[in-house]
Amino acid sequence: MKRNAVACLRTWLLLLAVLTLTAAAPARAGTWVHGIEGTRGFQLWVPTGYQADSPLPLVVALHGCFQNPSQFAGLTRLNEKADAEKFLVLYPNQATFANPTQCWNFMLVLNQTRGHGEPALIVGMVEQVRRHYAVDARRIYVGGVSSGAVLTGTLLACYSDVFAAGMIGAGAMYKAATTISGTGFAMLFGSIYHPDDRGRDAWVCSGRPRHTMPVLVVHGTRDSVVDIVNGRQATRQFLQTSDYGDDGVANDSIRPVATQTTRASVPGGRSYTVDDYVYGGSLVARHIEIQGMDHAWPGGDSRYPFADPSGPDATSLMWDFFRQHTRN
């Protein structure tokens, strides 16, 4: 038994070395690259037309529960968008040994701070990609759905020096809950914590930066897994974070009141409302609520779970938001 265990360990270490080398070797454009950072794997999409002397934006895409990177890529069609618009896509993969349902463990305090847990592993993946590929460091973004969306909030809160903007799809605000039982309550009824308080916590986690943290929040009005109030709380929380980031104090320089509201609909599909929050000529937050949509990725490929093809194309909405923001 002991001999078998040693043999398995050696095999695992050899596989780890091979995968790490695979990540370090630049691939030809339009292909997948696989790698490992610490105890988590990842997949990187290198878009068609990639050239090593031309830095590209990088989008970190965080899957939800019961998903993996390949499924999330298929659901969102994000690789096709990357080929068309020319950006790299990094897909971290939650390990089943860390969570059997492949949910990100966003509710654990370890994963709600800077320099620890899953957020640190994902930032490590970003740094690994930057070492081996031409990445525009001013244009690194993160977006996710469900548990990946909540973890996105943590990355935006605690690593605002890395990410220029983010998207929270069917997720919740930073530190909406800090226990498993509290997470269940927040998903059904919203967080018991005030978004303004968590807005300050998010600002503090990145070291009290003096800049805004642009965020796109997308949520369905009939979400049966994560109640719609969570999307509203996430928007207000990051508006408060940006209010602190603007001048270092909570003085409503950035107010939780939409500067513009528009309504639109998908031909033959769902209607939706867009609330924009503009400050100093810049779009600091956009909140989209899609009528009648459940817990899903709107406009997704119907061949994959958690798709709502009748909704607006969330992948295009996300990239259109990201492309407006560059981190100084």
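The name given to the protein chain in an unreviewed UniProt entry is Poly(3-hydroxybutyrate) depolymerase, and the organism recorded there is Pseudomyxococcus hansupus.

Trainee: Describe in detail the pairing of strand 5 (residues 135-145), supporting the description with residues and values.
Mentor: Most of strand 5 sits out of view: nine of its eleven residues are buried. By the bridge criterion, six bridges tie strand 3 (residues 56-62) to strand 5 in an arrangement that is parallel. Bridging from a neighbouring strand, Val59 pairs with Tyr141 of strand 5. Bridge analysis of strand 5 against strand 6 (residues 165-169) gives five bridges, and the strand direction is parallel. Within the sheet, the bridge partner assigned to Val142 lies in strand 6 and is Gly166.

Trainee: Describe the side chain of Lys81, naming the residues involved and giving the relevant values.
Mentor: Tracing the backbone through its elements, the reader meets Lys81 in helix 3 (residues 78-85). The buried charged residue Lys81 lacks any salt bridge, with Glu85 as its nearest oppositely charged partner at 4.5 Å. Every residue in contact with Lys81, bar those within four places of it in the chain, is listed here: Lys86, Phe87, Thr315, Ser316 and Trp319.

Trainee: Go over helix 7 (residues 195-205), please, and point to the residues and values.
Mentor: Every buried residue belonging to helix 7 is among Pro195, Asp196, Arg198, Gly199, Ala202, Trp203 and Cys205, and all of these are buried. Buried residues belonging to helix 7 abut helix 5 (147-158) and helix 8 (229-247). Where helix 7 terminates, the next one or two residues include Gly207, which has phi positive at roughly 90°.

Trainee: Which residues make up helix 4 (residues 117-132), and what values go with them?
Mentor: With 16 residues, helix 4 extends 23 Å between its outermost C-alpha atoms, agreeing within 8% with the 22 Å of an ideal straight helix rising 1.5 Å per residue. Considered for burial, the residues of helix 4 that qualify are Glu118, Pro119, Leu121, Ile122, Val123, Gly124, Met125, Val126, Gln128 and Val129.

Trainee: Account for unusual backbone geometry, with residues named and values stated.
Mentor: The phi dihedral of Arg77 falls on the positive side, at around 60°, and the residue is not glycine. Inspection of the secondary structure puts Arg77 in the loop between helix 2 (69-76) and helix 3. Despite not being glycine, Gln102 shows a phi value in the positive range, around 65°. Note that Gln102 resides in the loop between strand 4 (88-93) and helix 4. Exposure remark for Gln102: the relative accessible area of 15% places this residue in the buried category.

Criteria and thresholds
- Residues numbered from 1 in each chain as written.
- Predicted model: local features only at pLDDT ≥ 70, side-chain atom pairs only at ≥ 80, totals over all residues.
- Heavy atoms only, no water.
- Buried < 20%, exposed > 50% of the residue type's maximum accessible area, 1.4 Å probe, protein only.
- Helix = DSSP H or I, 4+ residues; strand = E, 2+ residues; numbered from the N terminus.
- Pairing = 2+ DSSP bridges.
- Lys, Arg positive; Asp, Glu negative; His and termini not counted.
- Salt bridge = Lys/Arg side-chain N within 4 Å of Asp/Glu carboxyl O.
- Contact = heavy atoms within 4.5 Å.
- Expected span 1.5 Å × (residues − 1).

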